[in-house]
Amino acid sequence: MRRLAALVAGLLVLAGCGTPPAATTPPPASTVVESNEFNETDVMFLQMSVPHHRTGLEIVRLAEDRAVRAEVKTLAAAIEVTQLSEVDSMTKWLADWGKPESAGDNPQLHAGHGGDHSTSPEAVAELAATGSGEFEKAFLNLLIAHQHNAVAMAKLEKESGVNPQAKDLAARIFDSRTAQIAQMLGYLD
Amino acid sequence: MSLKRKLAAVLAGVGIAPFIVVVSAGTASAHGYISSPPSRQAMCAQGRVSNCGPIVYEPQSVEGPKGQSNCHAGLSQFAQLNDDSRPWPTTSVGNSVTFNWTLTARHSTSTWQYFVGGSKIAEFNDGGRQPAATVTHNVGLGGRTGRIKLLAVWNIADTPMAFYSCVDLQVGSGGGTPTTTTTPTTTTRPTTTTTAPPVGGTWAPNTAYSVGSQVSYGGVNYRCIQAHTSLVGWEPPNTASLWQRL
């Protein structure tokens, strides 16, 4: 039985579960005990973040085969795998709570939550169509803006959410996106 | 306002939000700043200038009524941006500069204005259009040389608001090339270690890790499975897509 628990914990880690498994292994960093307690902010945060993350994935994948510096490509690839893993966690929590993955496209839904923080499909298409000479600059500016919006959403969740694992994820999104923006602003200089 | 009251206000706002049917145009979501050459808020967000206050997390939010001639939109929480006594690094440029904006919301725009020393040196009239995903302007500095503080203003078309960015430039005498090469004078840039640390080293942020690098974090060892420069928020126990627990 203990071996099974260890195996499950290991699989969770391999599966890219965003938060460390709760009780079985003593997590060294954050000690989040997952709970199914949640409020409207938790749901809204996850429902806004899932599509926002997926748009972010579309953006970073554009850097894969375009002419950008190696460090920009490396950052884009690392953002891709981490955001994929975060989407897995978020969709799992929403499913556990019996909530849909997205609240839909109605911007009015987001009015009380700081506005619609989406990057439009047109903006991503515009970036994709940018010529090689201008691509890296356009890529960085769009991704910086996109991650600023992630920081804004995470801030709301940090302040007003109640679900421990969603708040923990929000804290990590807040920190990691802020740091990504700092890196990218450095690449723009 | 105390933190507790602020939090209560936020909570109250979220609590009543589902019942609000009337929706404003959403000025709160219209945001932007000059990312390169780095504006003062970009310098702060990048960590090249420290002790900037909350602007670090939202350099796009320097929003205030139109017609101001300061760097902080008159917002007390961003007052540091308007403090010329701080050692703002300059960016070395020629007499023509390409300014790049990062926009987190593409709000319909009346004008983009550029000022030096109270004089308007350039204006771009968008006539109420929604800006493109990436906005760049080429601005001539009119033969000015030496250190200048440039103020850029993004005037929103359908609200009374504008966004303010100040950029500190060191203008060479070299004439018309639109070079934006930078050699900042005083910097406190966070150091990025470019070599992978030895096996068994302790994880640290702002470090370039390659696949196979090993670190310890909280007494546990991890192997890097995706090359990246480490960040606060990307600690090994929380990023199974970057680090494999050993």
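Before going into details, it helps to say that this report is about the structure given with it.

## Things to note about the overall build of chain B
And then number 1: A tally of regular secondary structure across chain B gives 2 helices and 15 strands.
And then number 2: Buried positions account for 40% of the 246 residues belonging to chain B.
And then number 3: Sequence-distant contacts, at least 24 apart, represent 59% of the contacts inside chain B between residues at least 6 apart.

## A look at the sheet that holds strand 7 (residues 135-140) of chain B
Residue and element names in this part refer to chain B.
And then number 1: Pairing in this open sheet of 3 strands is antiparallel, and the strands run 1-4-7 from one edge to the other. Edge strands, defined here as strands with exactly one partner in the open sheet, are strand 1 (32-36) and strand 7. Along the sheet, successive strands turn relative to each other by an average axial angle of 35°, direction set aside.
And then number 2: Inspection of the sheet shows strand 1 paired to strand 4 (residues 96-103) by 4 bridges, in the antiparallel sense. Counterpart to serine 36 in the pairing with strand 4 is asparagine 100.

## Here's the deal with helix 5 (residues 132-160) of chain A
And then number 1: If you check helix 5 of chain A, its first and last C-alpha atoms are 42 Å apart, about what 29 residues at 1.5 Å a residue would give, namely 42 Å.
And then number 2: Where burial is concerned, most of helix 5 of chain A is hidden: 21 out of the 29 residues are buried.

## Considering the packing of helix 3 (residues 70-96) of chain A against helix 6 (residues 164-188) of chain A
Residue and element names in this part refer to chain A.
And then number 1: At their nearest, the axes of helix 3 and helix 6 sit 12 Å apart, and the two run at 165° to each other. For the element pair helix 3 / helix 6, the angle class is roughly antiparallel. As helix 3 packs across helix 6, the resulting crossing turns out to be left-handed. Here helix 3 contributes Glu71, Val72, Leu75, Ile79, Glu86, Ser89 and Trp93 to the contact with helix 6, which in turn contributes Gln165, Ala166, Leu169, Gln180, Gln183 and Tyr187.
And then number 2: By residue class, the composition of the contact of helix 3 with helix 6 is 7 nonpolar, 4 polar and 2 charged.

## Section: the pairing of strand 8 (residues 146-156) of chain B
Residue and element names in this part refer to chain B.
And then number 1: The pairing of strand 5 (residues 109-116) with strand 8 spans 7 bridges and is antiparallel. Looking at strand 8, one finds that glutamine 113 is bridged to valine 153.
And then number 2: Both strand 8 and strand 9 (residues 161-171) contribute to a ladder of 10 bridges, which runs antiparallel. Within strand 9, the residue paired with lysine 149 across the bridge is aspartate 168.
And then number 3: Between strand 8 and strand 9, which pair antiparallel one after the other, the connecting turn spans 4 residues.

## Side note on the sheet that holds strand 13 (residues 220-224) of chain B
And then number 1: With respect to topology, 4 strands assemble into an open sheet ordered 10-12-13-15 (chain B), the strand pairing being mixed. Taken across any chain shown, the strands that pair with only one partner, and hence form the sheet edges, are strand 10 (201-202) and strand 15 (243-245) of chain B.

## Overview of the environment of A:Asp96
Residue and element names in this part refer to chain A.
And then number 1: Note that aspartate 96 resides in helix 3.
And then number 2: Look at aspartate 96 and you get exposed, because 11 C-beta atoms sit within 10 Å.
And then number 3: A C-alpha to C-alpha distance of 7.9 Å links aspartate 96 and asparagine 36, two positions 60 residues apart in sequence.

## Considering the nonpolar core
And then number 1: With 74 residues, the main nonpolar core has A:Phe139, A:Leu142, A:Leu143, A:Leu185, B:Ala152 and B:Tyr164 as its most contacted residues.
And then number 2: Those residues in contact with A:Leu185, other than ones at most four positions away along the chain, are A:Ile144, B:Ser35, B:Pro38, B:Ala42, B:Ala45 and B:Gln46.

## Topic: the pairing of strand 6 (residues 119-125) of chain B
All names here are of chain B.
And then number 1: Strand direction decides the pairing type here: strand 5 and strand 6, joined by 6 bridges, are antiparallel. The residue of strand 6 that forms the bridge with tyrosine 114 is alanine 122.
And then number 2: The turn linking strand 5 back onto strand 6 is made up of 2 residues, and glycine 117 within it adopts a positive phi angle of 55°.

What counts and what doesn't
Residues numbered from 1 in each chain as written. Chains lettered and ligands numbered in written order. Predicted model: local features only at pLDDT ≥ 70, side-chain atom pairs only at ≥ 80, totals over all residues. Helix = DSSP H or I, 4+ residues; strand = E, 2+ residues; numbered from the N terminus. Buried ≥ 20, exposed ≤ 12 C-beta atoms within 10 Å, placed from the backbone. Contact = placed C-beta atoms within 7 Å. Pairing = 2+ DSSP bridges. Axes fitted to C-alpha atoms, helices over the stretch in contact; angles between N-to-C directions. Expected span 1.5 Å × (residues − 1). Parallel < 35°, antiparallel > 145°, perpendicular 65-115°, else oblique. Left-handed = near helix turned anticlockwise from the far one by under 90°. Nonpolar A, V, L, I, M, F, W, Y, C, P; charged D, E, K, R; others polar. Core = buried A, V, L, I, M, F, W, Y, C linked by C-beta atoms within 7 Å.

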